[in-house]
Amino acid sequence: QLQLVESGGGLVQPGGSLRLSCVVSGFTLDSYSIGWFRQAPGKEREGVSCISAADGSTSYAGSAKGRFTISRDNAKNTVYLQMNNLNPEDTAVYYCAAKQRFLATMYAGDYPYWGQGTQVTVSS
């Protein structure tokens, strides 16, 4: 039973920070690449950041560079997304996803396993 559970979302003011967590079970985290995706109302699901199982290399969407940081703790089977300097455009449901290949991608269609999402709302 492969499961991913996100947490850490909530309401934050512009300029604030949140740290999202994704706890995985049913598989070995270090054998899977992980991506963070988000979907806002009326918009396509988009890749935010990903981390590869092979070497821990990371990628970020242009909107996330310099503000977001993805990391993993294999001992805790947890992947994190630290989000700083949030703005209203970051408001979305954030999803954690896993794929079996060692190389991460930013394409949602490559990921067969998904969490249920956690809501992030940035508003004053």
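Let me begin by describing the structure that accompanies this report. (Residues numbered from 1 in each chain as written. Predicted model: local features only at pLDDT ≥ 70, side-chain atom pairs only at ≥ 80, totals over all residues. Heavy atoms only, no water.)

1. What about the pairing of strand S4 (residues 33-39)?
Phase 1: Along S4, 6 of the 7 residues are buried, which leaves the element largely enclosed by surrounding structure.
Phase 2: Where S4 lies against strand S9 (residues 92-99), 7 bridges are found, and the strand directions are antiparallel. Among the inter-strand pairings, Ser-33 is bridged to a residue of S9, identified as Lys-99.
Phase 3: Pairing analysis gives 5 bridges linking S4 to strand S5 (residues 46-51), with the strands arranged antiparallel. For Arg-38, the partnering residue across the bridge sits in S5 and is Glu-46.
Phase 4: Between S4 and S5, which pair antiparallel one after the other, the connecting turn spans 6 residues, and Gly-42 there sits at a positive phi close to 75°. (Buried < 20%, exposed > 50% of the residue type's maximum accessible area, 1.4 Å probe, protein only. Helix = DSSP H or I, 4+ residues; strand = E, 2+ residues; numbered from the N terminus. Pairing = 2+ DSSP bridges.)

2. Let's talk about the sheet that holds strand S1 (residues 3-7)
The pairing of strands in a sheet happens through backbone hydrogen bonds and is either parallel or antiparallel.
Phase 1: Across the sheet, 4 strands lie side by side as S1-S3-S8-S7; this open sheet has antiparallel pairing. The two strands at the open ends of the sheet, each matched to only one other strand, are S1 and strand S7 (68-73). The average undirected angle you get between the axes of adjacent strands in this sheet is 15°.
Phase 2: In this structure, S7 lies alongside strand S8 (residues 78-83), joined through 6 bridges in antiparallel fashion. From the neighbouring strand, Phe-68 faces S8, where its bridge partner is Met-83. (Axes fitted to C-alpha atoms, helices over the stretch in contact; angles between N-to-C directions.)

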